Amino acid sequence: MISGRLRRWLALCAALAGAALWSLALAVPHMQGDTRVTESVDYRLLDLRHRLAGVQETDPAVVIVAVDDETLATDVTSGDNRQRLARIIRNIAASGARGLALDVVLADAGDAETDAALSEALGALPSAVAAAARFSGDESEVLLPQPVFREAARVGVVNLSADAFGTPRFAPLILVSDGQIHAALVLQAAQIFTGARAEFADGGLRLGERTFHLEDGFFLPVRFAGPSGTVPAISAGRLLESPQPDALEGRLVVLGFTASAVGDRFPTPFDADMPGVEVIATIISQLISGQTLRHDAQTRTWDAVHALVLTVLAVLVVLMLPLPRGIPAALGLIMVSLAGVTALFTAGIWMSAALPLAAALPPVLIAGAMRYTRERSEAGRSARAVASLRRFQSPALASRIEQDPEYLSVPQEHDLVILFVDLTGFTGLSQQLGTEGTRLLLRDFHALTTAAVETREGSVLNYMGDGALAVFGLTESPPDRAADHALEASFALVKALSDYHPAGLQDVTAGCRIGLHAGPVTLSRLGADSHQQMTVTGDSVNLASRLMEVAKAEAAVIVVSRDFADALSDPSVLNHAVARDVSIRGRIGEVSVLAYTAGAVL
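Below is a summary of the structure that appears in this document. Numbering of residues starts from 1 in every chain and runs along the sequence as written. Owing to the predicted nature of the model, reporting of local features is limited to residues with pLDDT of at least 70; listing and counting of side-chain atom pairs is limited to 80 or more, with chain, interface and lining totals taken over all residues. With hydrogens and water stripped out, all remaining heavy atoms of the structure feed into the side-chain values.

Some remarks on the sheet that holds strand β11 (residues 204–207)
We treat two strands as partners when DSSP finds at least two bridges between them. Counting from the N terminus, the helices are the DSSP runs of H or I reaching at least four residues and the strands are the DSSP runs of E reaching at least two. The strand order β10-β11-β12 describes an open sheet built from three strands, whose pairing is antiparallel. Among the strands making up the open sheet, the edge pair consists of β10 (198–201) and β12 (210–213). Strand-to-strand twist across the sheet, computed as the mean angle between neighbouring axes with direction ignored, equals 25°. In this structure, β11 lies alongside β12, joined through four bridges in antiparallel fashion. When the sheet's bridge partners are listed, L207 is paired in β12 with R210. Across the face of the sheet, helix α7 (residues 185–194) comes into contact with β10 and β11 while running at roughly 25° to β11. Two residues qualify as a contact provided that any one of their heavy atoms is within 4.5 Å of a heavy atom in the partner residue. To get an axis, fit a line to the C-alpha atoms, keeping to the stretch in contact for a helix; angles then go from 0 to 180 degrees between the N-to-C directions. Sitting on the sheet, helix α10 (residues 276–289) touches β11 and β12, and the angle it makes with β12 is about 130°.

Things to note about the nonpolar core
The criterion is simple. A nonpolar core is a set of buried Ala, Val, Leu, Ile, Met, Phe, Trp, Tyr and Cys residues joined through side-chain atoms within 4.5 Å. Throughout, exposure labels follow a simple rule: accessible area from a 1.4 Å probe, protein chains only, divided by the maximum for the residue type, with under 20% read as buried, over 50% as exposed, and the rest as partly exposed. Of all hydrophobic cores here, the largest spans 43 residues; its most connected members are I514, L516, I558 and F564. Elements with a minimum of two residues in this core: β18 (412–424), α15 (426–454), β20 (467–472), α16 (482–498), β21 (511–528), β23 (558–561), α18 (562–567) and β25 (590–596). Counting residues per element, this core draws most heavily on α16, which supplies nine residues. Filtering out sequence-adjacent residues up to four positions away, I558 remains in contact with S490, F491, V494, I514, L516, L594, A595, Y596 and V601. In terms of nonpolar packing, the next biggest core, distinct from the first, is built from 42 residues, V62, A196, V277 and L287 among them.

What to know about unusual backbone geometry
Of note in this structure, F218 is not a glycine but carries a positive phi near 65°. Inspection of the secondary structure puts F218 in the loop between β12 and β13 (219–221). Among the residues examined, F218 registers a relative accessible area of 26% and is labelled partly exposed. A positive phi is found at E457, a non-glycine position, where the angle reads about 65°.

A closer look at the sheet that holds strand β7 (residues 168–172)
Taken in spatial order, the three strands of this open sheet run β6-β7-β13, and their pairing is antiparallel. Each end of this open sheet is capped by a strand with a single partner; those strands are β6 (161–162) and β13. Bridging between β7 and β13 involves three bridges; their strand directions are antiparallel. Looking across to β13, one finds that F170 is bridged to P221.

This is the structure:
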């Protein structure tokens, strides 16, 4: 038979195994490159990390020459667009620029003389011109510049990989179309500036002394530096007029459109409308400076391990700690995890924030719900146990034991009022009533006793067949009313029994004798460790018990000791009692008592 402890350990292991399996179900596809489940959320959290990291400096070697609204509005009579573009490029070369990346697709043939002049301008400095890929299903076609431009400059594809909201997330560094490999414009520009030859191996890129980790398919993650304007830029209109060596000398120039409604524009973590040329310039800056994001097969493996460990730890915390501490602790672990992921992002490592959340939160919530259900069930059992305890102990004692299970493990001395009561004529009544009638009589007698005592802040400690022992002052507030309450309870019980008729004996009423004394007693536990009961002992208890014998001898219903009488707050209640000095069996000397007859009480 499985013990309770073993059953709990088996349940814990099963819960942890279930959490681990859930985590692995998400992590394994992610590790293999299938991030569709968490991709959308992860991109939103990536944007948040960009904003938390704040604006980053770009490499000062990269500058944008922007064909802006001002450029398009000036010198409109000085030839067509390609003639003006040729003039801008010649002045860029004259400014001492180290290289040029032209983010303009020159796919259409123009005037031969104009195209030749533009080609000549491109050839005046190391240059790369844009090509664009068009996709149709699994097929792709690369829109190349005119041959005259391909002869003067390198060609690079400008396509970016964007998410469902249009934000660029990756820059493909090479693209294969129709059996040909095409390099990206950003890569061509970086090679021009650094003079290094790009080498691809083991899923990464080596450019000079720098090594870049790439996503599968040679995708470079995009790390945005800031909102529009973060990359230094000058208006192309200035270069229509003259060279600008102060702004361009020794730099890599990225030439493209920023004018309203011209060219590609993208939403980014920092703004909703960034010109494509600035995105291209940002990526080139990262390749030159080496400040890229790492997001590759290795980081996906780290993501999987992170998600698995976080999930198991968070669920373990929920199941092992008390629920009010376990849930906050698990959420704290998750928050620390997210803080760690954010810190790694600032160091250039893009780890998933969505995967650990998706892996950990559902098991944590399920474990919390299971724990809540279990604790509710245990609370219900505890409540039922307390209710059962209250049936075997007075409510006052049950409350004390519930609050302090060690209550009275060491005996305590108290000054209390002790009440003993027993039924009169019980033997004859039992003979008339029979077994079942006697049981009902005792049940009703005990119920009447409980009602009389406990409604007046007393506690019934024991029922002894046709008798009972109660105390007052144990929980009394204020304690100096204990004797008053005990006398009121005695009067109430005598009256209640005088109106009570045992079942089947309508002409018969029950009577009782009550002994009351006030004095020091010892409260303690009696019995073995496995089964104990609370009781009071001491000379005061013995005296109170003997007063019922006095009541029988004096034909009284209530007999109180002088010590009890002195404890009353209103001595006038004794006016109807008869004072006696009587001998008590087992005691030396006489005891002063006051006796109430039935006529004085009813």
